[in-house]
Amino acid sequence: MTFRVLLLVTAAAVTGALPATAQKQGSFEVGAFAAYLNADNSLPVGNAVGFGVRGGFNATRFLAVEVDYAHSSSEGAAYSPLHLWAVYQVPSTSRAEMFFGIGYVHNSYTGSYKANDSGMGGMVGLRHRLNDKVALRLDGRADFMPEAANKSYLVSYNGNWGIALGVSALLNR
């Protein structure tokens, strides 16, 4: 029953939002976020909440190039993913915009465990415009590293994931 009420309220909020236009070619997005970062269980790096920054450039109305960097530390070890994304922004019908991304990730593990690895990632998210210049953004990402930092006969790849919630400034819109 509670789920149905939540679903009904969410649907009413999304359909009642004012229409927004698509991203303008040549516009920028810069922002900051808090993120829960989860490193592969085979790595000696604890899961933790961290912080990060992002920047993006809209090459076309629905395709953007973004870069983000986050950092978290737990139990003496730190985890810092750097992403480069190609992002498809679904044409919006309201102030809420959905987006999908694929890209490259480079992970740096520091502190009590020092290593690096690289791989590919996927992202899905939702951006809610508060007005023409400011938006809230929620996104989730999963990363796959075929050449694991801790590669051994027991570990052949690593998979990290994260969830980020932040605020963005929408420039030149």
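Owing to the predicted nature of the structure, the values given are computational and were not obtained by experimental measurement.

**A few points about the nonpolar core**
Counting 13 residues, the largest nonpolar core has Leu43, Val45, Tyr79, Tyr109 and Tyr113 as its most contacted members. Counting only elements with at least two residues in this core, the list comes to β1 (28-38) and β4 (77-89). In terms of residue count, the dominant contributor to this core is β1 (3 residues). Residues Trp85, Val87, Phe99 and Met123 belong to the second largest nonpolar core, which totals 5 residues.

**Comments concerning the packing of aromatic side chains**
Tallied over the full model, the rule gives 5 aromatic pairs. Taking 5.9 Å as the distance between ring centres and 55 degrees as the angle between the ring planes, the aromatic pair formed by tyrosine 109 and tyrosine 113 counts as tilted. Under the relative-accessibility criterion, tyrosine 109 is labelled buried at 1%. Look at phenylalanine 144 and tyrosine 157: their rings are 5.4 Å apart centre to centre, the planes differ by 40 degrees, and that puts the pair in the tilted class. Of this pair, phenylalanine 144 sits in strand β7 (residues 134-145) while tyrosine 157 sits in the loop between β7 and β8 (158-171), and the two are 13 residues apart along the sequence. Tyrosine 157 gets classed as partly exposed once you look at its relative accessible area, which sits at 46%.

Procedures and definitions
- Residues numbered from 1 in each chain as written.
- Predicted model: local features only at pLDDT ≥ 70, side-chain atom pairs only at ≥ 80, totals over all residues.
- Heavy atoms only, no water.
- Core = buried A, V, L, I, M, F, W, Y, C linked by side-chain atoms within 4.5 Å.
- Buried < 20%, exposed > 50% of the residue type's maximum accessible area, 1.4 Å probe, protein only.
- Helix = DSSP H or I, 4+ residues; strand = E, 2+ residues; numbered from the N terminus.
- Phe/Tyr/Trp six-rings, centres within 6.5 Å; stacked < 30°, edge-to-face > 60°.

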